[in-house]
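# A closer look at the structure
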Amino acid sequence: MKMYISGKWTESPSVTSVVSPYSGQAVDTVPNATLEQIDQALAAAVHGAAAMAKLAAHERSQILNRAADLFALRVEDFARTVSLEVGKPLNEARVEAGRVPDLLRLSAFEGTQLRGETLPVDAQAGVRGKLAYTVRVPCGVVVAITPFNYPLLLVVHKIGPALAAGNAVILKPASATPLSSLKLTEVLLEAGLPEHGLQCITGSGALIGPVLCSDPRVRKISFTGSTEVGESLAKVAGVKKLSLELGSNAPLVVLPDADLQKVAEATAIGGYVNAGQICISTQRVLVHTDVYGDYLDALKPQVEQIKVGDPMAEDTRLSAMISERDAARVENWVQEAVGGGARVVTGGTRDRALFAPTIVADVQADMRISCAELFGPAVAVTPIESVDEAIALANDSLYGLGAGIFTQDIRHAFRFAREVQSGTIQINWTPLWRADLIPYGGFKGSGIGREGPRYAVEGMTETKTVVIHGIE
Ligand code: NAP
């Protein structure tokens, strides 16, 4: 496929292959943007920002609603593209693609809700005869950089609100999964987006990212990816608005009064969807010693039931990770934990990029499988003696994106919600839950800012204060 710059579908001197992680076969190629092409994209985005700012809110909303309708006709096609490029089971890709039309419509709506307020400036001693009010205006050029794991949904969480609020966007999708973004660009253009309103450029993030993010023509950076890259972007960004949706090692606490069968079923979803490659995937399960053995006994058959195989097969629930290198890393971390005294309850094996759904028990908090972000299909189970210890361990992390607790005791649930430093808290579910409209983002090393169309629109607009003098 070609990339979209300055109103044209464009090639470049070199290309990157997009490979199916499951089969290892190349499925397409995309251009590697040159420095000159990145500069063209920036220049075009400045024109795009002017064109977008001229559109009335209802016109922006109509474009996004049309895009939603067009997308809805192509959900299956998009799902197949996502399944192919990510290696995720087709049924999961259908869920991802199926959420896109409503997310576009929700973004369209929030873009029509940009409100200011009148300011009672005469409350300050000595001020009279003035009228002051605020308006919300677009930022201008928004750079959106996205990861591989939800290549459609996380892209729409950025470009939907950005366009709805009247910005131009330069989108840089992950190199492993650029095809769905390029197809989405086609849909938005077909829906009537101004030709310079969106640029979709492909190539290495390590090259393109710093050039885009340090450029003074950009006003807002919206990044989703690893904490390491997010930190590097924050260093080069300079004076810009910055949203960072970063990594995590989400904890789940299981107290003795929980329904263990329900917890086991939920863990077998929360730790393994998309082969665990989700920022709020359940990674650390902290289980009270009173029910530790019973929980593992309930979880093992649930995990062993997960059907592993070809992502395109209708009954597959877990398939390849994004690359063989990542699967080898997960294998290595599991073996390292076993070397330190942990034990594999089930799984632990690897076939190229496919790592079997795995439970590791007796994990110590300082093992990499617990304290770093695993991003793979394994959960690390650790015994705890008390709610105090559970909360301390949940908070003993560089991250704070999602956390969950299973308990019937409302005092423990509220205490957990109050004391755990995390962007979302799930009571009686695992950390893996999101509705697209909720504020979504992290504490600590998990990031800055919140997504969800209402909150993203807020982050992609600026407040301007207008004061009229001489009113008698
Ligand atoms: P990644 O390696 O950080 O890459 C994310 C994006 O950044 C890609 O488009 C990548 O381009 C680009 N990039 C790489 N180096 C860059 C640089 N120096 N400057 C600017 N951009 C650069 O992350 P990933 O492996 O794709 O995704 C997994 C990570 O994303 C995990 O840590 C996960 O927790 C996090 N994540 C967070 C959320 C959230 O909402 N908090 C959601 C999903 C994922 P290339 O692909 O070309 O390298």
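Going by the structure above, here's the rest.
Residues numbered from 1 in each chain as written. Predicted model: local features only at pLDDT ≥ 70, side-chain atom pairs only at ≥ 80, totals over all residues. Heavy atoms only, no water.

### What to know about the packing of aromatic side chains
Operational definition: Here is the rule: rings of Phe, Tyr and Trp (six-membered ring for Trp) pair when centre to centre is within 6.5 Å. Planes less than 30 degrees apart are stacked, more than 60 are edge-to-face, and the remainder are tilted. Burial status follows relative accessibility: with a 1.4 Å probe on protein chains alone, a residue under 20% of its type maximum counts as buried, one over 50% as exposed, and anything between as partly exposed. Only runs of H or I of at least four residues qualify as helices and only runs of E of at least two qualify as strands under DSSP, and these elements are numbered from the N terminus.
Taken as a whole, this structure holds three aromatic pairs when the rule is applied. An angle of 25° between the planes, with centres 4.2 Å apart, marks the rings of phenylalanine 71 and phenylalanine 78 as stacked. Classification of phenylalanine 78 by relative accessible area gives buried; the value is 0%. Between phenylalanine 148 and phenylalanine 375, the ring centres sit 5.9 Å apart and the planes meet at 90°, which makes this aromatic pair edge-to-face. Linking phenylalanine 148 in the loop between strand S7 (141-145) and helix H5 (153-164) with phenylalanine 375 in the loop between helix H12 (368-371) and strand S18 (378-384), this pair joins segments that are 227 residues apart in sequence. Here phenylalanine 148 matches phenylalanine 375 in class, with each residue buried.

### Brief notes about helix H8 (residues 227-237)
Put simply, the test is: Directions from the helix axis toward the C-beta atoms define the arc. In what follows, residue pairs with any heavy atoms lying within 4.5 Å of each other are defined as contacts.
Of the residues making up H8, those classed as buried are Thr227, Gly230, Leu233 and Ala237. The buried residues of H8 occupy an angular sector of 120° when the element is viewed end-on, so they sit on one face. Opposite the buried face of H8, by more than 90 degrees, sit the exposed residues Glu228 and Lys235. Residues of H8 that are buried make contact with S7, helix H7 (205-214), strand S10 (220-224), strand S11 (241-245) and strand S19 (399-400).

### Focus on the pairing of S11
The condition is simple: Here, any two strands with at least 2 DSSP bridges between them count as paired.
When S10 meets S11, the two strands line up parallel, connected through five bridges. Of the residues in S11, the one forming a bridge with lysine 220 is lysine 241. The sheet contact formed by S11 and strand S23 (residues 447-448) spans two bridges and is antiparallel. For glutamate 245, the partnering residue across the bridge sits in S23 and is glycine 447.

### Quick notes on the site of the ligand
To keep it simple, the criterion reads: One heavy atom within 4 Å of a molecule or strand makes the whole residue count as near it. Polar contacts, as used here, are pairs of N or O atoms within 3.5 Å; protein pairs need one atom able to donate a hydrogen and one able to accept it. Residues neighboring in sequence count only if both atoms are side-chain atoms. Note on areas: these come from Shrake-Rupley sampling with a 1.4 Å probe, and a residue is covered only by the protein chains present in the view. Here the term cavity refers to a set of points on a 1 Å grid, laid over the protein atoms alone, in which a 1.4 Å probe fits but cannot get out; the term pocket refers to an open set having protein on both sides within 12 Å along at least five of seven lines, with lining residues being those that place an atom within 4 Å of a point. For a cavity or pocket, the test is whether more than half of a molecule's atoms lie within 2 Å of its grid points; if they do, the molecule sits there.
Around the ligand, the structure places 30 residues, and the nearest of them are Thr146, Ser175, Gly205, Ser226 and Glu373. Taking glycine 205, its main chain carries an N or O atom lying 2.8 Å from an oxygen atom of the ligand. Within the side chain of glutamate 245, one N or O atom sits 3.4 Å away from an oxygen atom of the ligand. For the ligand, whose free accessible area comes to 910 Å², the fraction covered by protein is 85%. When each cavity is represented as a set of grid points, the ligand is found to reside in the largest pocket. For the shell around the ligand, the elements supplying multiple residues, two or more each, are H7, S10 and H8. Looking at the shell around the ligand, the element that brings in the most residues is H7, giving four residues.

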